Amino acid sequence: MSEVRLEVKNLCKSFGITKAVQNVSFNVNKGEVHALIGENGSGKSTLTNMLTGIYSIGSGTFVLDGKEIHPKNQVEANNEGVSIIVQELGTLSGLTVAENIFLGHEDQFVHMGIKNTNAMNKKATELLKKYGFERIKAADIIDEYNFEDRKLIEIVKATYFDPKIVVIDETTTALSQEGREELYKHMNRIRESGNSIIFISHDLEEVIEQSDNISVLRDGVKIGSITKAEATPDRLKALMVGR
């Protein structure tokens with residue numbers, strides 16, 4: 001029997017008259033990749049944006065390891081054990097690699113109001129080495145790196161503190177095959193640690209290959225959940241579009 005890590009219970013969110021998420025419930029188990037799929041506008045990103053503090057929760061609850069959470073922003077979500085890697089660039093220009101990795105969590109390097117940049121760079125260097133990204137230098141301005149490298153930095157930023165849930169939202173769309181393989185490697189590492197992933201992708205072959213369970217949304221409503229073994233691209237398409 002799988003142990004539940006996250007319960008999504010009766011979640012709703014509206015923008016004006018648009019019901020983006022309507023009474024959605026599903027569970028994410030420990031050590032699993034749980035895919036969330038649906039056509040554009042199905043409510044996938046709205047749901048995960050509520051989980052990660054980007055949007056406020058309309059109604060309903062997230063229960064993480066038996067505790068209800070209501071993150072008001074991404075830093076609060078991180079502190080609760082939830083992080084996200086987005087499709088667009090999730091790093092800030094003009095900051096160093098280290099400053100981006102620890103953005104919102106710089107206080108661990110501050111003593112009596114003074115930031116210890118050397119300590120921050122040393123910790124970031126250790127993390128980059130641990131992830132196998134030694135060629136990326138902690139003290140470099142992030143703008144010196146291309147999109148793919150900045151995505152690798154985001155992987156470190158989103159996972160170094162061992163979050164219980166990592167949301168990967170369409171991240172693979174703009175990556176090369178090499179970049180995808182790097183992401184898959186770290187997804188497996190997260191899964192093997194007992195933590196969990198909510199994986200959003202339009203590539204149905206990729207969804208089936210990388211996921212353990214798959215939940216389908218259509219027009220903000222959950223249509224159903226199926227296992228990897230039950231999934232085929234045609235079956236997933238039929239659930240997504242309703243025919």
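Details of the structure are given in the entry above.
Each value, and the rule that gives it
Residues numbered from 1 in each chain as written. Predicted model: local features only at pLDDT ≥ 70, side-chain atom pairs only at ≥ 80, totals over all residues. Heavy atoms only, no water. Pairing = 2+ DSSP bridges. Helix = DSSP H or I, 4+ residues; strand = E, 2+ residues; numbered from the N terminus. Axes fitted to C-alpha atoms, helices over the stretch in contact; angles between N-to-C directions.

**Some points on the sheet that holds strand E10 (residues 196-200)**
Read from one edge to the other, the open sheet built from six strands follows the order E6-E9-E10-E3-E11-E12, with strand pairing classed as mixed. Taken across any chain shown, the strands that pair with only one partner, and hence form the sheet edges, are strand E6 (82-85) and strand E12 (221-227). Direction aside, neighbouring strands of the sheet carry axes that sit 20 degrees apart on average. Sheet analysis places strand E3 (residues 33-37) next to E10, joined by three bridges and oriented parallel. Along E10, the bridge assignment pairs Val-33 with Ile-197.

**Focus: the sheet that holds strand E2 (residues 18-29)**
Taken in spatial order, the four strands line up as E2-E1-E4-E5 in an open sheet, and their pairing is antiparallel. If you trace the sheet from one side to the other, it starts and ends with E2 and strand E5 (67-69), each paired once. On average, each strand axis in the sheet is inclined to that of its neighbour by 25 degrees, with strand direction left out of account. Note that strand E1 (residues 4-15) and strand E4 (residues 59-64) share five bridges and pair antiparallel. For Lys-9, the partnering residue across the bridge sits in E4 and is Thr-61.

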